[in-house]
Amino acid sequence: MDGGVGAKEERDPAWWRRRAWSLLSAVRARAPLVQCITNLVSMDIAANALLAAGASPAMLHSLREVPDFTPRCDAVCINVGTLFEDWLPSMRAAASAGRPWVLDPVAAAASGFRMEACLDLLGLRPAVVRGNASEILALAARSAAASSNFKGADSSHDSVDAIEAAKALALSSGAVVAVSGAVDFITDGKRVVGVSNGVPMMQKITATGCAVTAIIAAFVAMEPSDALDAAVCALAIFGLAGEIGMESAKGPASLRMHLIDSLYCLDEETVTSRVKISLRP
Ligand SMILES: Nc1ncnc2c1ncn2[C@@H]1O[C@H](COP(=O)(O)OP(=O)(O)OP(=O)(O)O)[C@@H](O)[C@H]1O
Ligand SMILES: Cc1ncsc1CCO
Ligand SMILES: [Mg+2]
């Protein structure tokens with residue numbers, strides 16, 4: 001699948017806008033089944049965001065269901081936000097079921113236990129790791145040593161400050177690494193792509209990051225051989241839904257509702273005129 005232009009076309013912003021529309025259209029047409037083993041806070045917004053994007057969410061957590069269910073999924077999303085020790089076997093099994101999968105290392109630096117779990121999962125070859133800047137910096141350093149301004153699930157760094165760490169993590173893990181923030185940066189270790197869609201108020205709704213990780217999984221299901229494109233376009237589409245939602249929102253609670261409505265209603269004209277993606281030097 002391409003953006004509707006020749007393979008030799010330069011990947012300029014117009015190419016990316018068409019690519020984003022093409023991938024969103026594929027999700028809507030094919031409704032990929034996405035299993036999410038995700039944190040308790042995020043279950044609702046992640047499932048609703050997947051539905052609004054056109055995918056089918058399934059929040060199944062039991063190890064006993066993985067052998068029957070996970071191989072039938074189009075992609076898997078694993079998120080350690082409310083990690084319990086006895087969730088880890090399900091996470092490992094789902095990550096090893098042969099489906100493309102995406103890791104959200106929520107609050108990776110919160111504890112040695114959590115960092116070890118994230119590094120262990122990273123060894124099971126996710127297609128994409130999506131975190132905020134603090135999470136990607138901690139994971140790249142393989143260190144749970146929290147800085148003095150550590151904020152748990154929230155970031156205390158700007159995304160731009162995690163670009164080099166993201167590149168190093170991508171090269172060492174083989175995963176595409178996506179750092180969310182004012183500008184989202186997505187890298188395979190060589191190329192770095194920036195996405196400028198989104199509004200700051202999205203940080204005031206809990207689990208928007210978890211929701212976009214789940215949508216990345218749905219996009220990866222459409223393009224498993226090009227996880228970089230999938231992650232870039234998913235972040236742009238979600239950010240654009242936030243921008244349009246913000247036009248009607250009064251605060252975080254109504255933004256949450258309007259973002260989901262906007263995601264559901266996105267049309268070709270809006271996507272191909274408002275998505276902001278560019279290759280970084
Ligand atoms: N300052 C900002 N301006 C515009 N968009 C932003 C900004 N900060 C975050 N976003 C967008 O908000 C969404 C969530 O990103 P964020 O970095 O807040 O995730 P997170 O910290 O992992 O969130 P959570 O753990 O609560 O799920 C992404 O789509 C991102 O692009
Ligand atoms: C607030 C919070 N705590 C653990 S997971 C989560 C959701 C945002 O990542
Ligand atoms: Mg997060």
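All values derive from a computational prediction rather than experimental measurement.

Student: Is there a simple way to explain the pattern of salt bridges in this structure?
Tutor: Pairs can form between side chains of opposite charge whenever their charged atoms are close. Per the counting criterion, the structure on display carries twelve salt bridges. We note a salt bridge from Asp120 to Arg92, for which the minimum N-O separation is 2.4 Å. Here the residue Asp120 occupies a position in helix α5 (residues 112-122), and Arg92 occupies one in helix α4 (residues 88-95), the gap between them amounting to 28 residues. A salt bridge links Arg274 to Glu247, with the shortest nitrogen-to-oxygen separation between them at 3.1 Å. Taken together, the positions of Arg274 in helix α11 (residues 268-274) and Glu247 in the loop between α9 (227-246) and α10 (252-265) put the pair 27 residues apart, joining distant regions of the chain.

Student: Would you take a moment to explain the confidence of the model for the chain for this structure?
Tutor: Segments scoring low in pLDDT should not have their predicted coordinates read at a detailed level. Scored by pLDDT, the chain comes out at a mean of 95, with 96% of its residues at no less than 70. If you check the scores for this complex, the pTM reads 0.97 and the ipTM reads 0.99.

Student: Sorry if this is basic, but what is going on with the pairing of strand β1 (residues 33-37) here?
Tutor: Walk down a regular strand and you will see the side chains alternate between the two sheet faces. Burial runs high along β1: four of the five residues are buried. Strand direction decides the pairing type here: β1 and strand β2 (residues 56-58), joined by three bridges, are parallel. Along β2, the bridge assignment pairs Leu33 with Ser56. After leaving β1, the chain enters helix α2 (residues 43-53) and then returns to the sheet as β2, a path that is right-handed. Inspection of the sheet shows β1 paired to strand β3 (residues 75-79) by four bridges, in the parallel sense. Across the sheet, Ile37 pairs through a bridge with Ile78, a residue of β3.

Criteria and cut-off values
Residues numbered from 1 in each chain as written. Chains lettered and ligands numbered in written order. Predicted model: local features only at pLDDT ≥ 70, side-chain atom pairs only at ≥ 80, totals over all residues. Heavy atoms only, no water. Salt bridge = Lys/Arg side-chain N within 4 Å of Asp/Glu carboxyl O. Helix = DSSP H or I, 4+ residues; strand = E, 2+ residues; numbered from the N terminus. pLDDT = per-residue confidence, 0-100. Buried < 20%, exposed > 50% of the residue type's maximum accessible area, 1.4 Å probe, protein only. Pairing = 2+ DSSP bridges. Right-handed = clockwise from strand over helix to strand, strands pointing away.

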